[in-house]
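In case you want the letters, here they are:
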Amino acid sequence: MIKTKYLLSTGCIIPIVFWITTIICGRMTGGYNHLSNMVSSLGAIGTSSQYVFSAGLLLCSGLSIVFVIGLYRTCRVIGRSTIPAIIILSYSLSIAGAAIFPLPLRLHLYMGMPSILLFFSPLTSLFFWSRKGLFPEMRIMSVLCLLIMSLGLLAFFPDILSNNIGLKQRFFHFGWSVWFIYLSYRFTKAMGESKIHLAFIKERY
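Values in this document were obtained by computation on a predicted structure and should not be read as measured data. (Residues numbered from 1 in each chain as written. Predicted model: local features only at pLDDT ≥ 70, side-chain atom pairs only at ≥ 80, totals over all residues. Heavy atoms only, no water.)

A. Seen up close, the packing of aromatic side chains. If you walk through the whole model with that rule in mind, you get nine aromatic pairs. Ring plane angle 85° and centroid distance 5.2 Å describe the contact between Phe18 and Trp19, whose orientation is recorded as edge-to-face. Given a relative accessible area of 2%, Phe18 falls into the buried group. Ring geometry for Phe18 and Trp176: centres 5.3 Å apart, planes at 70°, overall edge-to-face. Of the two residues, Phe18 sits in helix H1 (residues 4-28) while Trp176 sits in helix H8 (residues 165-204), which places them 158 residues apart along the sequence. Given the relative accessible area of 0%, Trp176 is considered buried. (Phe/Tyr/Trp six-rings, centres within 6.5 Å; stacked < 30°, edge-to-face > 60°. Buried < 20%, exposed > 50% of the residue type's maximum accessible area, 1.4 Å probe, protein only. Helix = DSSP H or I, 4+ residues; strand = E, 2+ residues; numbered from the N terminus.)

B. Representation of helix H2 (residues 50-78) within the structure. In a regular helix each residue adds 1.5 Å, so 29 residues correspond to 42 Å; H2 covers 42 Å between its end C-alpha atoms and thus fits that length. Looking one or two residues past H2, Gly79 carries a phi angle of roughly 75°, positive in sign. (Expected span 1.5 Å × (residues − 1).)

C. Broad picture of the environment of Thr47. Position of Thr47 relative to the elements: it lies in the loop between H1 and H2. C-alpha separation for the pair Thr47 and Leu59, spaced twelve residues apart in sequence, amounts to 19 Å. Those residues in contact with Thr47 that sit more than four places away from it in its chain are Ser41 and Leu42. Polar contacts involving the side chain of Thr47 include one to the main-chain carbonyl oxygen of Ala44, which spans 2.7 Å. (Contact = heavy atoms within 4.5 Å. Polar contact = N/O pair within 3.5 Å; in protein donor to acceptor, adjacent residues only side chain to side chain.)

D. Looking closely at the pattern of salt bridges. This model, assessed by the stated rule, comprises one salt bridge. Of the charged contacts in the structure, one is a salt bridge between Arg186 and Glu137, with a shortest N-O distance of 2.8 Å. Note that Arg186 is positioned in helix H8 and Glu137 in the loop between helix H6 (120-128) and helix H7 (138-150), a separation of 49 residues in sequence. (Salt bridge = Lys/Arg side-chain N within 4 Å of Asp/Glu carboxyl O.)

This is the structure:
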């Protein structure tokens, strides 16, 4: 069985894969502007970066499932709710859907909708993970990531940053990136602390 710490490490790898994919595809697409152009346009049908972009998103989707498994295992070990972790599967579904059904296919829009549920991961963590002294900094990080992700909702307000839809979208992606990296670090540390605690109990009794 793969060690949980390796599963959790994918939380740091996912953002790296995503951002490198967008940078590479942006360079492959002539005239692409990361501030004004949509992220999904990098994988639009007929673009030179279509298949590279789709491959990167599918890799992120697969890694996020592995990440959720790691979070789930850790939650079971430390006796905490798995709900905030399971919600991350909405990211897995939406980003895979965006890869399989590129623009301008109508299913691209529909498959991307589950990503809105990702907001509930840091939100529910405020109730399930940051109470009773577990992870003292969790509350701050949950609120911070939720606020950053929420800036992505500016995409639904065309009058705000009207020429920077790409920037507005990237607020959302930056938010979940920070959230995944933090969870990877925090839960890896929690798993280690749990093992030390169990070893202490066995040695004492």
